[in-house]
Amino acid sequence: MNEVIGGAMALKLVNQTPADLVLAVMSHTLPANLQIIEQAQMTRGAWRVDFRIIGESHAISVYYDDVPVMHEVLACVDVEAHSCAHLHPFSTLQAHQYADSGGYQVQVDFNEMPAWALPAESVSMIRVDFPKVFGIAPVTQIQWKATATGVRWWTLHTYPLSQNGAHPRIIHVHSYTFMDFNRQMNCAERKIAYNQT
């Protein structure tokens, strides 16, 4: 089940650069300073995934029985490393992959042209077009689809950049994530069993 929550708010022009992005994977709480612009939700049994556009960035949270399992944040925010299972800055705009033993995998790429084709089958989506920068509207888009064992999501963030008045170029930041609910449950059950011995 998918549900769009709320609606877009009045947007202010904020000139951001993809070199300020960090990928933060957390298991407890999200940073308090996130401004949610658009959000939607997918539920599947006891699982819930909250998709949020926060500026030219995103925050996605996975819950089981309303208990946070993990949060993925790709944003220009300050996050303390000790609060993260994984933290990666993108100051060099190099592609990055991360996977944990619980069935979570993410890949982030930077390209001047759109690099990934989205699946042909129907997917759910939220999107925000921001005020123009250098005559080009930045976009943040999240698409997702339930799978047989979990959920996949794809994000696109575009950043128009110009140096010394040159013709602007656009950096496309793509992320692709898969969360396997079955592996998450197996991991949680092993942790519980280990803690009880």
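What you see is a predicted model; the values in this text were computed from it and never measured.

Asks: What should I look at first to understand the side chain of glutamine 141 in this one?
Replies: Residue position: glutamine 141 is located in strand 11 (residues 139-146). The exposure class of glutamine 141 is buried, given its relative accessible area of 11%. Polar side-chain contacts of glutamine 141 include one of 2.8 Å to the side chain of glutamine 143.

Asks: I tried to follow the pattern of salt bridges on my own but got confused; where do I start?
Replies: When the charged atoms of two side chains with opposite charge come close together, those side chains can pair. Applying the stated criterion to the full structure yields five salt bridges. In this structure, arginine 48 engages aspartate 50 in a salt bridge whose closest nitrogen and oxygen atoms are separated by 3.0 Å. Take arginine 48 and aspartate 50: they sit in the same class, and that class is buried. Between aspartate 129 and arginine 127 there is a salt bridge, with its nearest N and O atoms 2.9 Å apart. We classify aspartate 129 as partly exposed; its relative accessible area is 43%. Overlapping salt bridges bring together Arg48, Asp50, Arg52 and Asp66 as one network.

Asks: Explanation requested: the confidence of the model for the protein in the structure shown.
Replies: The predicted coordinates of low-pLDDT regions are not to be read in fine detail. Scored by pLDDT, the protein has a mean of 83; 82% of the residues are at 70 or more. When the criterion is pLDDT under 50, residues 2-11 qualifies, and its contacts beyond four places in sequence or with other chains add up to 26 contacts. Scored below 50 in pLDDT, residues 189-197 makes zero contacts in the model with residues more than four places away or belonging to other chains.

Asks: In this structure, what is going on with unusual backbone geometry? I would like to understand it.
Replies: In terms of backbone geometry, most residues other than glycine have negative phi values and most peptide bonds are trans. Of note, the phi angle at aspartate 65 is positive, near 50°, even though the residue is not glycine. Turning to its location among the elements, aspartate 65 is positioned in the loop between strand 5 (58-64) and strand 6 (67-75). Since its relative accessible area comes to 51%, aspartate 65 is described here as exposed.

Asks: Help me understand the sheet that holds strand 9 (residues 104-111) in this model?
Replies: What holds strands together in a sheet is hydrogen bonding between their backbones, with the strands either parallel or antiparallel. Pairing is antiparallel across the open sheet formed by six strands, whose spatial order is 8-9-13-12-11-10. Looking at the sheet topology across the chains shown, the edges are occupied by strand 8 (96-99) and strand 10 (124-129). Each adjacent strand pair in this sheet contributes to an overall mean axis angle of 10°, direction not counted. Examined bridge by bridge, strand 12 (residues 150-161) and strand 13 (residues 169-180) share twelve bridges and lie antiparallel to one another. Counterpart to tryptophan 154 in the pairing with strand 13 is tyrosine 176.

Each value, and the rule that gives it
Within every chain, residues take consecutive numbers counted from 1 along the sequence as written. The predicted origin of the model limits local features to residues at a pLDDT of at least 70 and limits the giving and counting of side-chain atom pairs to 80 or more, whereas totals for whole chains, interfaces and linings rest on all residues. Computation of side-chain values: all heavy atoms of the structure, hydrogens and water removed. Helix and strand labels come from DSSP, where a helix needs a run of H or I of at least four residues and a strand needs a run of E of at least two; each type is numbered from the N terminus. Here the term buried applies to any residue with accessible area under 20% of the maximum for its type, exposed to any over 50%, and partly exposed to those in between, with areas from a 1.4 Å probe on protein chains only. Residues adjacent in sequence count toward polar contacts only when both atoms are side-chain atoms; beyond that, a polar contact is any pair of N or O atoms within 3.5 Å, and within protein one must be able to donate a hydrogen and the other to accept it. A pairing counts as a salt bridge when a side-chain nitrogen of Lys or Arg comes within 4 Å of a carboxyl oxygen of Asp or Glu. Each residue carries a pLDDT score, the predictor's own confidence in it, on a scale running from 0 to 100. A contact between two residues is defined here by any heavy atoms of the two lying within 4.5 Å. When DSSP finds two or more bridges between a pair of strands, those strands are recorded as paired. Each axis is a line fitted through C-alpha atoms, taken for helices only over the stretch in contact, and angles between the N-to-C directions span 0 to 180 degrees.

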